[in-house]
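Analysis of the macromolecular model
Chain residues, written in single-letter form:
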Amino acid sequence: MNAIRSYPIIGAVIAQLVAGVIVIAISMGLADRLEPGSLFWGGLAVQSVVAALVTKFMGLPVWWVWISLCFPSALILALNAGDLPAWPFGAGFVVLYLVFSNTARERVPLYLSNRPTTDALLSLMRQRGAIRFTDLGSGLGGVVRALDGEGRRAAGVESAPMVWLVSAVLSKLQGRGQILRQDIWSTDISDEDIVYVFLSPEPMPQLYEKAQREMKPGSLLVSNSFAVPDVEASEIWELADRRKTRLYLYDMNKPDCGPDDEAAEQAG
Ligand SMILES: C[S@@+](CC[C@H](N)C(=O)[O-])C[C@H]1O[C@@H](n2cnc3c(N)ncnc32)[C@H](O)[C@@H]1O
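My aim in this report is to walk through the structure given alongside it, one point at a time. Model, not experiment: these values are computed from the prediction.

Further remarks concern the overall build of the protein chain. Looking only at helices and strands, one finds eleven helices and seven strands in the protein chain. Looking at the protein chain as a whole, 39% of its 268 residues qualify as buried. Put simply, of all contacts in the protein chain between residues at least 6 apart along the chain, 63% involve residues at least 24 apart. A total accessible area of about 15200 Å² is found for the protein chain, and carbon and sulfur atoms account for 63% of it.

The subject of this paragraph is helix H2 (residues 8–30). Given a rise of 1.5 Å per residue, 23 residues ought to cover 33 Å, and the 33 Å separating the end C-alpha atoms of H2 matches this to within 8%. Where H2 is concerned, the buried positions are Pro8, Gly11, Ala12, Ala15, Gln16, Ala19, Gly20 and Val23.

Across the sheet, seven strands lie side by side as E3-E2-E1-E4-E5-E7-E6; this open sheet has mixed pairing. Of all strands in the sheet, those with a lone pairing partner are strand E3 (178–181) and strand E6 (235–238), marking the two edges. Strand-to-strand twist across the sheet, computed as the mean angle between neighbouring axes with direction ignored, equals 20°. Of the pairings in the sheet, the one linking strand E4 (residues 194–197) to strand E5 (residues 220–224) comprises four bridges and is parallel in character. Within E5, the position partnered with Ile194 by the bridge is Leu220. Here helix H10 (residues 204–214) sits on the sheet in contact with strand E1 (132–136), E4, E5 and strand E7 (246–251), set at roughly 165° to E5.

Attention shifts here to the pairing of E3. Pairing of strand E2 (residues 153–158) with E3 involves four bridges; the strand directions are parallel. Among the inter-strand pairings, Ala155 is bridged to a residue of E3, identified as Gln178. Handedness of the crossover is the feature at issue here: the chain leaves E2, passes through helix H9 (residues 161–174), returns alongside E3, and the resulting connection is right-handed.

Bringing the nonpolar core into the picture now. One recurring pattern in soluble globular proteins is that nonpolar side chains are buried together. Leu121, Phe133, Leu221, Val222, Leu247 and Tyr250 are the most contacted members of the largest nonpolar core, which totals 42 residues. Among the elements that take part in this core, helix H7 (residues 115–128) stands out by supplying five residues, more than any other. Those residues within four positions of Leu221 in sequence are excluded, and the remaining contacts are Val195, Val197, Leu207, Tyr208, Ala211, Met215, Tyr248, Leu249, Tyr250 and Met252. Residues Ala15, Val50, Leu60 and Trp64 belong to the second largest nonpolar core, which totals ten residues.

Throughout the structure, instances matching the rule amount to nine salt bridges. With its nearest N and O atoms 3.3 Å apart, the salt bridge here joins Glu150 to Arg152. Residue Arg152 is classed as buried on the basis of its relative accessible area, which comes to 10%. Two residues, Asp193 and Lys216, come together in a salt bridge whose shortest N-O distance is 3.1 Å. Taken together, the positions of Asp193 in the loop between E3 and E4 and Lys216 in the loop between H10 and E5 put the pair 23 residues apart, joining distant regions of the chain. With relative accessibility at 18%, the residue Asp193 sits in the buried group. Three or more residues joined by partner-sharing salt bridges are found here, namely Arg126, Glu150 and Arg152.

Moving on, we get to unusual backbone geometry. For Glu150, which is not glycine, the phi dihedral falls at a positive 50°. Using a relative accessible area of 65% as the deciding quantity, one classes Glu150 as exposed.

Attention now moves to the side chain of Thr117. Within the fold, Thr117 resides in helix H7. The residues touching Thr117, leaving out its near neighbours within four places in the chain, are Tyr196, Asn224, Leu239, Thr245 and Leu247.

This next bit is on the packing of H2 against helix H3 (residues 36–57). Relative to each other, H2 and H3 sit at 145°, their axes nearing to 8 Å. H3 is crossed by H2, and the crossing has right-handed handedness. Where H2 abuts H3, its residues Ala15, Gln16, Val18, Ala19, Gly20, Ile22, Val23, Ile26, Ser27 and Leu30 lie against Leu39, Gly43, Val46, Gln47, Val50, Ala51, Val54 and Thr55. Considered class by class, the residues forming the contact of H2 with H3 number twelve nonpolar, six polar and no charged.

What counts and how
Residues numbered from 1 in each chain as written. Predicted model: local features only at pLDDT ≥ 70, side-chain atom pairs only at ≥ 80, totals over all residues. Heavy atoms only, no water. Helix = DSSP H or I, 4+ residues; strand = E, 2+ residues; numbered from the N terminus. Buried < 20%, exposed > 50% of the residue type's maximum accessible area, 1.4 Å probe, protein only. Contact = heavy atoms within 4.5 Å. Areas by Shrake-Rupley, 256 points an atom, 1.4 Å probe, with all protein chains shown as cover. Expected span 1.5 Å × (residues − 1). Pairing = 2+ DSSP bridges. Axes fitted to C-alpha atoms, helices over the stretch in contact; angles between N-to-C directions. Right-handed = clockwise from strand over helix to strand, strands pointing away. Core = buried A, V, L, I, M, F, W, Y, C linked by side-chain atoms within 4.5 Å. Salt bridge = Lys/Arg side-chain N within 4 Å of Asp/Glu carboxyl O. Left-handed = near helix turned anticlockwise from the far one by under 90°. Nonpolar A, V, L, I, M, F, W, Y, C, P; charged D, E, K, R; others polar.

Function cannot be read off these values alone, since they describe shape.
Now the structure itself:
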C-alpha cells in the first residue's frame, strides 16, 4: 500500500487490471445473451466504474478516481480517432514528460509564486540580513531571479528537464541567480540562510526533517501554502493577494520542534 501511495500511477494501473478481469468474466458469461454493441458499452461502463471504485478503495486522492473513471473512454476515443497523424500525440507526450516527469513521483505539479510572494520574501531577507537563499523545486526560477543581487545570492534546484532548461537559460541571460538540475533530497542546504519551498502537503514532513537535520541555527525554512503537519510555525505571514497566500516560517534554532518531540512532550 505504501508503494501505491508513493506512486499512485501503480494503483491506477492495478485498478484498471482488476476492472478488466471483472469485465472479461462478465462478458464471457453474457456473450451469447447480449448484442455485441450492448456488451461493448456495458463493458466500458463496468470497466470505468469498477476502476474508479478500486482507486477510491485504495485511498488515492480524488483526482486519481476521476482519472480511473475517464481513462477507458479516453482510450477508446483515442483508438477511434481515425486518420489523425500519430506524431502530435508522441510530441505531446514528450513535452508533458519533460515538464511534469517528477509529478507522479513527488505529487508536486508546476505552479508559480506570484509577485506579492517574491516581494514578501525580499523584505524577509532584508529584515533578517539574509545573504543566501535557495528555492527547492524552483520551477521557472522567477523567485530566484527576483531575490538574487544587491549582495544576496539566490539559487534554485529543479528536476523537471524542460522546466530546468528554461529557467537556467533565463537566469543566465539575465545574470541573476543560479539554477541547478538537481533533486531536492540530494541538495545540501547547510549553508543557506533561507530555504523556500512551494510544493504540496505530501513532502512536507520529510522536508522538515531534512531542514532540521541540515540547516544551521538561525536559518529559516519558509513554505508557501503548505504547513508542516503537527509543527507550530514560528510565524505565519498572510499576504494581501487574491490567493490569500500564506507563508509558514519555521525558525531552525529551536531543537525541540519536530513532530516526534511534540508527541513525546504531550505523552510525558
Ligand atoms: C509548485 S512548483 C514551485 C515553483 C517555484 N518554487 C515557485 O514558487 O514559483 C514546484 C516545483 O518543484 C519541482 N520539483 C518537484 N519535486 C522535485 C524534486 N524532487 N527535486 C527538484 N524539483 C522538484 C517541480 O518540478 C516544480 O517545478
